[in-house]
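Coordinates in review
The residues making up each chain are set out below.
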Amino acid sequence: MSPRSMSPHRLTFALQLLVTLVVAAFLLVPAGASILAGFTANYFRGLSSGLTLDWVKEVLKLYSDTIGFSIALALGTLAVTLVLGVPAAWALVRRPGRMARLVEEVVTLPVAIPGLALALALIIAYGGFREFRMSPLFILVGHVLYTLPFMLRSVMAVLAAVDVRTLEEGAASLGASPLQRFFHVVVPNAKGGILAGALMVVTLSIGEFNLTWMLHTPLTKTLPVGLADSYASMRLEIASAYTLVFFVMIVPLLVAIQMFGLERPLKTRAQTPTKANRGPPLIAGEQP
Amino acid sequence: MTLTATGAAITLSGCGKTFADGTRALEPLDLSIPAGETLVLLGPSGCGKTTLLRIIAGLESPDAGGHIAFDGADVTTLPIEKRNVGMVFQSYALFPNMSVIDNVAYGLRVRGVAKAERLRQAHAVLEMMRIDTLAERRITQLSGGQRQRVALARALAVRPRVILLDEPLTALDAALREHLRAEIDSLLRRLAITAIYVTHDQAEALALGDRIVVMRQGAIAQVGTPREVYFQPQNDFVATFVGITNRLAGSLKAGHFASAAGSLPFAGADKAEATLLFRPEAASLCAPEETGLVFQVEQVQFQGARQRVVLAGADGTRVVVEAPAEQLVAAGAAMGLRLDPSRLSLV
């Protein structure tokens, strides 16, 4: 190729690089500033005041209960979505048809409805049951409603891709009962989808704010609700350090989702647009 | 090793199938399959052969009124896992989460056979199929032909009373298909197991079947031995679907079949409109004066050991015959056609 024909390509590349770097900087500078604020002794005096871990320690002292509660809630949500979602996905893949599609749509509805509206509906319907309303179970129900479609769709996509109906017929022909087929054939072959769904559910549950903010009581505060609290009432350094703690929890999960997503065959990924397209923006939008 | 002592005799009565959307997949039919027989269900796609196999397997239930019995015992309401059948699927349905040996031993595992014993038996089946070296492989590491053998081994490992094969060779290339066909044939005969084999390939059906059920649009078109189906097709559909068939339109009168190309003696009651069916190999070429049927040679295809000759009758009817390679046949010449009376059928 002659130098003359190279140069326009080089120019295009340089421009693309510039735009990319500017956009990246636009997004990264606030994040960097926020992280720095969490380590700065006094943010208004700037870095000259020195770096410190005191704010992080303070956050762990003040808010460790919300961190623990968020983790417990996420694991509880995961357990329920596994128990409900995997068999449901199996049932829907086994009997495709109008009913199956309808059920799938209804289950997916909570993702489209604003969390606040969903929470309000739960409070109107079940708020009268005082014990239930006050217990962590109330928030758990909300989180399950919101995360179940992600588990369901992720598992359904994998089951459809491996043609689980025929595999199951094969197992049945060898004498396996429905329960044996589920545990010997369906679950092991859905492992990829179950893992992807599980990461999604935990991430979404830990980051969920809208719904949780409406449902929480002073005794059932999650990390994002605590964040909103600290932003409103604490000094900036503590709020920033708190954000930092949240990042430390959520980023490894996001990385795991990404790594796992790369391992999945393209076909499977294409069949789960919710996972790829909706997930991350939702999490970003959740941060108060 | 002996895998099975006795196959089951299968009786179907009034088994039809209408799907939920109202599609009639199978007209109610009766069929009786003696123990140990290899029965081939042959027909084009959508003829109901797979539905019939799935009803026998227990993967579908027949419409009300249909009954299936194995050795006289009604199994209509039994699901597949209680029927003790072996099944080989078109896509093989091997479990990707298990190794070859675990796949083959799976049927014994769900039957509660102890691990050491079920592995011993599974290895024995793999040995019989001469694929014991594949035992520890993952399913994804196998070629198509190997998968096919593993699927067959897995189905046989539970010593089923009946083995059901749903187009087991369709996914393979032609040379391998022929090889495995011979292997399956000798295996089924050795085991004396009742086998039902679904295929759309007439060569497979003719080679494997003790009897063939030719199906069309959800109904049985003909049941018979391969020879009967091939040489005495009972209707036009069977004649067309199984092999190349020549047809001569004409009439039957006073013990003679008469057509535009001439006439030949043919016993039977008078019929104003009749079609004579015959295979290329049931005919031979001779000098025009030696026979009543005369055609003009349109095309000669040399095929090595033989030659295929396309003939045209006076009314334009084309027939295809096979002639020995050394016989002198020239395009454009008039030739007589001699037909083997035992290999003709009239519809």
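Criteria and thresholds
- Residues numbered from 1 in each chain as written.
- Chains lettered and ligands numbered in written order.
- Predicted model: local features only at pLDDT ≥ 70, side-chain atom pairs only at ≥ 80, totals over all residues.
- Heavy atoms only, no water.
- Helix = DSSP H or I, 4+ residues; strand = E, 2+ residues; numbered from the N terminus.
- Buried < 20%, exposed > 50% of the residue type's maximum accessible area, 1.4 Å probe, protein only.
- Contact = heavy atoms within 4.5 Å.
- Lys, Arg positive; Asp, Glu negative; His and termini not counted.
- Charge placed at Lys NZ, Arg CZ, Asp CG, Glu CD.
- Salt bridge = Lys/Arg side-chain N within 4 Å of Asp/Glu carboxyl O.
- Polar contact = N/O pair within 3.5 Å; in protein donor to acceptor, adjacent residues only side chain to side chain.
- Pairing = 2+ DSSP bridges.
- Axes fitted to C-alpha atoms, helices over the stretch in contact; angles between N-to-C directions.
- Parallel < 35°, antiparallel > 145°, perpendicular 65-115°, else oblique.
- Left-handed = near helix turned anticlockwise from the far one by under 90°.
- Nonpolar A, V, L, I, M, F, W, Y, C, P; charged D, E, K, R; others polar.
- Domains from an automatic or database assignment.
- Buried area = accessible area lost by both parts, 1.4 Å probe.
- pLDDT = per-residue confidence, 0-100.

Digging into the overall build of chain B
Within chain B, the secondary structure is distributed over eight helices and 20 strands. Expressed along its principal axes, the backbone C-alpha trace of chain B runs to roughly 75 × 50 × 35 Å. Split into buried and exposed, the 347 residues of chain B put 51% on the buried side. Here the analysis covers contacts within chain B between residues at least 6 apart in sequence; of these, 64% occur between residues at least 24 apart. For chain B, the distance from the average site of its 35 positive side-chain charges to the average site of its 35 negative ones is 7 Å.

Notes on the interface of chain A and chain B
In many reports, interface size means the accessible area that the parts give up when they come together. Residue-level contacts link 18 residues of chain A with 22 residues of chain B. Taken together, the links from chain A to chain B amount to two salt bridges. Residues Glu169 of chain A and Arg54 of chain B are paired through a salt bridge, measuring 2.6 Å at the closest nitrogen-oxygen approach. Counting the contacts that link chain A with chain B gives seven residue pairs in polar contact (both at pLDDT 80 or more). The set of elements that each furnish at least two residues to the side of chain A that touches chain B consists of helix H7 (164-173) and helix H8 (178-189) of chain A.

Examining the sheet that holds strand S18 (residues 318-324) of chain B
Residues and elements named next belong to chain B. Sheet architecture is open: five strands sit in the order S15-S19-S16-S17-S18, paired in antiparallel fashion. The open sheet has two edge strands, strand S15 (283-286) and S18, and neither has a second partner. For this sheet the average axis-to-axis angle between neighbouring strands, irrespective of direction, equals 50°.

Looking at the packing of H7 of chain A against H8 of chain A
Residue and element names in this part refer to chain A. It is at 10 Å that the axes of H7 and H8 come closest, and there the two elements cross at 150°. Here H7 is positioned roughly antiparallel relative to H8, judged by the angle of their axes. As for how H7 packs across H8, the hand of that crossing is right-handed. Contacts from Val164, Leu167, Glu168, Ala171 and Ala172 of H7 reach H8 at Arg181, Val185, Val186 and Asn189. Per-class residue counts for the contact of H7 with H8 are six nonpolar, one polar and two charged.

Some points on the environment of Leu47 of chain A
All names here are of chain A. Checked against the element boundaries, Leu47 lands in the loop between helix H1 (3-39) and helix H2 (54-94). Between the C-alpha atom of Leu47 and that of Gly76, which follows or precedes it by 29 residues, the distance is 41 Å. Leu47 has contacts with Leu36 and Thr40, leaving out every residue within four places of it along the chain.

Brief notes about the side chain of Thr51 of chain B
Residue and element names in this part refer to chain B. Tracing the chain through its elements places Thr51 in helix H1 (residues 49-57). Given a relative accessible area of 12%, Thr51 falls into the buried group. Residues in contact with Thr51, not counting those within four places in the same chain, are Lys17, Phe19 and Ala25.

Structural notes on the side chain of Thr212 of chain A
Residue and element names in this part refer to chain A. Following the sequence through the fold, Thr212 ends up in helix H10 (residues 210-215). Taking the relative accessible area as the measure of exposure, Thr212 reaches 0% and is therefore buried. Filtering out sequence-adjacent residues up to four positions away, Thr212 remains in contact with Ile139, His143, Thr222 and Val225.

Focus on the environment of Glu27 of chain B
Residue and element names in this part refer to chain B. With respect to the element layout, Glu27 can be found in strand S2 (residues 24-33). Spatially, the C-alpha atoms of Glu27 and Gly14 are 8.4 Å apart, while their sequence positions differ by 13 residues. Residues contacting Glu27, with those up to four places away along its chain left out, are Cys15, Gly16, Gly218 and Ala219.

Regarding the domain arrangement of chain B
Residue and element names in this part refer to chain B. What the domain assignment reports for chain B is domain 1 (10-238) and domain 2 (245-346). The C-alpha centroid of domain 2 is placed 40 Å from the C-alpha centroid of domain 1. Listed per partner, the contact involves six residues of domain 1 and seven residues of domain 2. The junction of domain 1 with domain 2 conceals about 680 Å² of combined surface from both sides, 42% of it contributed by carbon and sulfur atoms. Along the contact surface separating domain 1 from domain 2 lie one salt bridge. A salt bridge links Arg247 to Asp236, with the nearest nitrogen and oxygen atoms 2.6 Å apart.

Things to note about the sheet that holds S2 of chain B
Residue and element names in this part refer to chain B. Taken in spatial order, the four strands make up an open sheet running S2-S1-S4-S5, and their pairing is antiparallel. With partners counted over all chains shown, the strands left at the sheet margins are S2 and strand S5 (73-74), one partner each. Here two bridges tie strand S4 (residues 67-70) to S5, and the two strands are oriented antiparallel to one another. Considered in S5, the bridge of Ala69 is made with Asp74. Against the sheet, H1 touches strand S1 (10-18), S2 and S4, its axis set at about 120° to S1.

Points about the pattern of salt bridges
Any two side chains of opposite charge can pair if their charged atoms end up close together. Scanning the model with the defined rule gives 24 salt bridges over all chains in all. Here Arg235 of chain A makes a salt bridge to Glu237 of chain A, at a shortest N to O gap of 3.0 Å. For Arg235 of chain A, a relative accessible area of 39% translates into the label partly exposed. A salt bridge links Glu60 of chain B to Arg54 of chain B, with the nearest nitrogen and oxygen atoms 3.2 Å apart. Neither Glu60 of chain B nor Arg54 of chain B differs from the other in exposure class; each is buried. The network of salt bridges with common partners includes Arg94, Glu168 and Arg181 of chain A together with Glu81 of chain B.

Description of the confidence of the model for chain A
Of the residues in chain A, 88% have a pLDDT of 70 or more, and the chain-wide mean is 83. Counting interchain partners and residues more than four positions distant, the pLDDT-below-50 stretch residues 264-288 of chain A has 43 contacts.

A closer look at the pairing of strand S3 (residues 38-42) of chain B
All names here are of chain B. With five of its five residues buried, S3 lies for the most part within the structure. Burial of the side chains of S3 extends over both faces: Thr38, Val40 and Leu42 are buried on one face and Leu39 and Leu41 on the other. Where S3 and strand S8 (residues 194-199) come together, five bridges link them in parallel fashion. Along S8, the bridge assignment pairs Val40 with Tyr197. Where S3 and strand S9 (residues 211-216) come together, four bridges link them in parallel fashion. Within S9, the position partnered with Leu39 by the bridge is Arg211.

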